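Here is how the chains run, residue by residue.
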Amino acid sequence: MAQERKLFGILAHPVGHSMSPIMHNEAFAKLGLAYYYHPFDVPPIHLADAVQALKALGIAGVNVTIPHKESIIPYLDHLDPEAEAIGAVNTVVLTQEGRLKGYNTDGAGYIQSLRKETGIELNHKKVLMLGAGGAAKAIGVYLLKEGIAELVIANRTKEKAVRLAQHLKRYQERRADKQAKGEQTISVLDWPLVQQTGGEGFQLIINTTSVGMWPHVDQSPLALKGLGSDTVVSDIVYNPRETLFLKQAKAQGAKIHYGLGMLIYQGALAFKLFTGYEAPVNTMEAAVRRFLEENR
């Protein structure tokens, strides 16, 4: 009997830079699945129609990225508790009942990758996070789950940073039975002040913004200062592999964490939600690395 064919994809705007089609199609081929993954460029004005089309066309699942991770939520039928806590979705699955269920694999994928590359123990660490979008929400929730001592958020638009801090504090309160009151602090640092201090005094500094992404490779979100070997600097931008931000960190002796790992591991978790199979992680990573090397 012929294998069931399924269509998957990614909703983004723009979508041309996405590595997800390359990564997932290679993984489908590796496992011999008759599935195909397609990039869908969906401007925000058409998001509601695009989500309805998933049901109408029987598209089995999609990933979701900038600028739709938060705005897609009202159009879904169900949210996984993790996605609900985070307040952002990066994976949507069409259930057997024909309902759309939203998940978030960003935070878990990020932590898996961070640990694998740096060996960092997050318990009691002081963390600076640059940016306040959907990825920052997911990473922030997981940092708190991992028991960091302090999370400081900085964003060019301070109001967004304040909203994220409030969101994470509400999450923190809901799990107060698991965390002693006052054990973790969440605060906002003004953008000019973080630029002045250069991130000195933090054990983990994370860029969750798109600053430094190709083709703007000569840009960095922060001129880093006063780092040492006890600091880990992380960037979720994966193209180029080593951003200017990470080059600055390496020059000062800090450990660095590449954005490619988060892309691979969040994709691997989404792959299992899509297919029920464990993802061929090495195949997915090799596909992305090969593409990036060929298109420098």
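Please read these numbers as outputs of a predicted model, since none were measured by experiment.

Colleague: Hey, could you run me through the overall build of the protein in this one?
Modeller: Helix and strand counts for the protein stand at 10 helices and 12 strands. Its C-alpha atoms give the protein a radius of gyration of 19 Å, near enough to 19 Å, the size a compact globule of 296 residues would have. Within the span of the protein, comprising 296 residues, buried residues form 51% of the whole. Across the protein, the fraction of contacts at a sequence separation of at least 24, relative to all contacts at a separation of at least 6, is 71%. Both charge centroids of the protein, one from 32 positive and one from 29 negative side chains, sit 1 Å from each other.

Colleague: Sorry if this is basic, but what is going on with helix α9 (residues 259–275) here?
Modeller: Along its 17 residues, α9 runs 24 Å from first to last C-alpha, staying within 8% of the 24 Å computed at 1.5 Å per residue. Just past α9, the residue G276 takes up positive phi, approximately 85°.

Colleague: Quick question: what am I supposed to make of the packing of α9 against helix α10 (residues 281–294) here?
Modeller: The relative placement of two packed helices comes down to the angle between their axes together with the axis-to-axis distance. Where α9 meets α10, the closest approach of the two axes is 10 Å, and the angle between their N-to-C directions is 140°. Regarding the angle of α9 to α10, the classification is oblique. At the point where α9 passes α10, the crossing takes the right-handed sense. On α10, the residues that touch L260, L263, I264, Y265, G267 and A268 of α9 are V281, M284, E285, V288, R289 and L292.

Colleague: Any chance you could explain helix α1 (residues 20–31) here in plain terms?
Modeller: In an α-helix, one turn spans 3.6 residues; hence positions three or four apart end up facing the same way. The terminal C-alpha atoms of α1 lie 17 Å apart, and with 12 residues this matches the ideal 16 Å at 1.5 Å per residue to within 8%. When α1 is considered as a whole, its buried residues turn out to be S20, P21, M23, H24, A27 and F28. Buried residues of α1 fall within an arc of 165° about the axis and therefore sit on the same side. Those residues of α1 that are exposed and aimed more than 90 degrees away from the buried face are A29 and K30. Buried positions along α1 lie against β1 (6–12), β2 (35–41), β3 (61–64), α9 and α10.

Colleague: What should I look at first to understand the side chain of Q266 in this one?
Modeller: The residue Q266 is located in helix α9 in this model. Its relative accessible area of 9% is what places Q266 among the buried residues. Within polar-contact distance, the side chain of Q266 engages the backbone oxygen of L263 at 3.0 Å.

Colleague: I would appreciate a short explanation of the pairing of strand β8 (residues 150–154) in the present structure.
Modeller: On any regular strand, side chains alternate: one points to one face of the sheet, the next to the other face. In terms of burial, β8 is a largely internal element, 4 of the 5 residues being buried. Read as a crossover between parallel neighbours, the route from strand β7 (residues 126–130) over helix α5 (residues 134–145) to β8 is right-handed. Where β8 and strand β9 (residues 185–188) come together, 4 bridges link them in parallel fashion. Paired with L151 across the strands is I186, a residue of β9.

Colleague: How do you make sense of the pattern of salt bridges when you look at a structure like this?
Modeller: Two side chains that carry opposite charge are able to pair once their charged atoms sit near each other. Per the counting criterion, the structure on display carries 11 salt bridges. Two residues, K158 and D190, come together in a salt bridge whose shortest N-O distance is 2.8 Å. Taken as a pair, K158 in helix α6 (residues 158–174) and D190 in the loop between β9 and α7 (191–197) lie far apart in primary sequence, 32 residues in all. Judged by relative accessible area, K158 falls into the partly exposed class, the value being 40%. What makes D190 partly exposed here is its relative accessible area of 35%. When salt bridges with common partners are traced through the structure, they connect K55, D77 and R99 into a single cluster.

Reading guide: rules and limits
- Residues numbered from 1 in each chain as written.
- Predicted model: local features only at pLDDT ≥ 70, side-chain atom pairs only at ≥ 80, totals over all residues.
- Heavy atoms only, no water.
- Helix = DSSP H or I, 4+ residues; strand = E, 2+ residues; numbered from the N terminus.
- Rg over C-alpha atoms; globule rule 2.2 N^0.38 Å.
- Buried < 20%, exposed > 50% of the residue type's maximum accessible area, 1.4 Å probe, protein only.
- Contact = heavy atoms within 4.5 Å.
- Lys, Arg positive; Asp, Glu negative; His and termini not counted.
- Charge placed at Lys NZ, Arg CZ, Asp CG, Glu CD.
- Expected span 1.5 Å × (residues − 1).
- Axes fitted to C-alpha atoms, helices over the stretch in contact; angles between N-to-C directions.
- Parallel < 35°, antiparallel > 145°, perpendicular 65-115°, else oblique.
- Left-handed = near helix turned anticlockwise from the far one by under 90°.
- Arc of directions from axis to C-beta.
- Polar contact = N/O pair within 3.5 Å; in protein donor to acceptor, adjacent residues only side chain to side chain.
- Right-handed = clockwise from strand over helix to strand, strands pointing away.
- Pairing = 2+ DSSP bridges.
- Salt bridge = Lys/Arg side-chain N within 4 Å of Asp/Glu carboxyl O.

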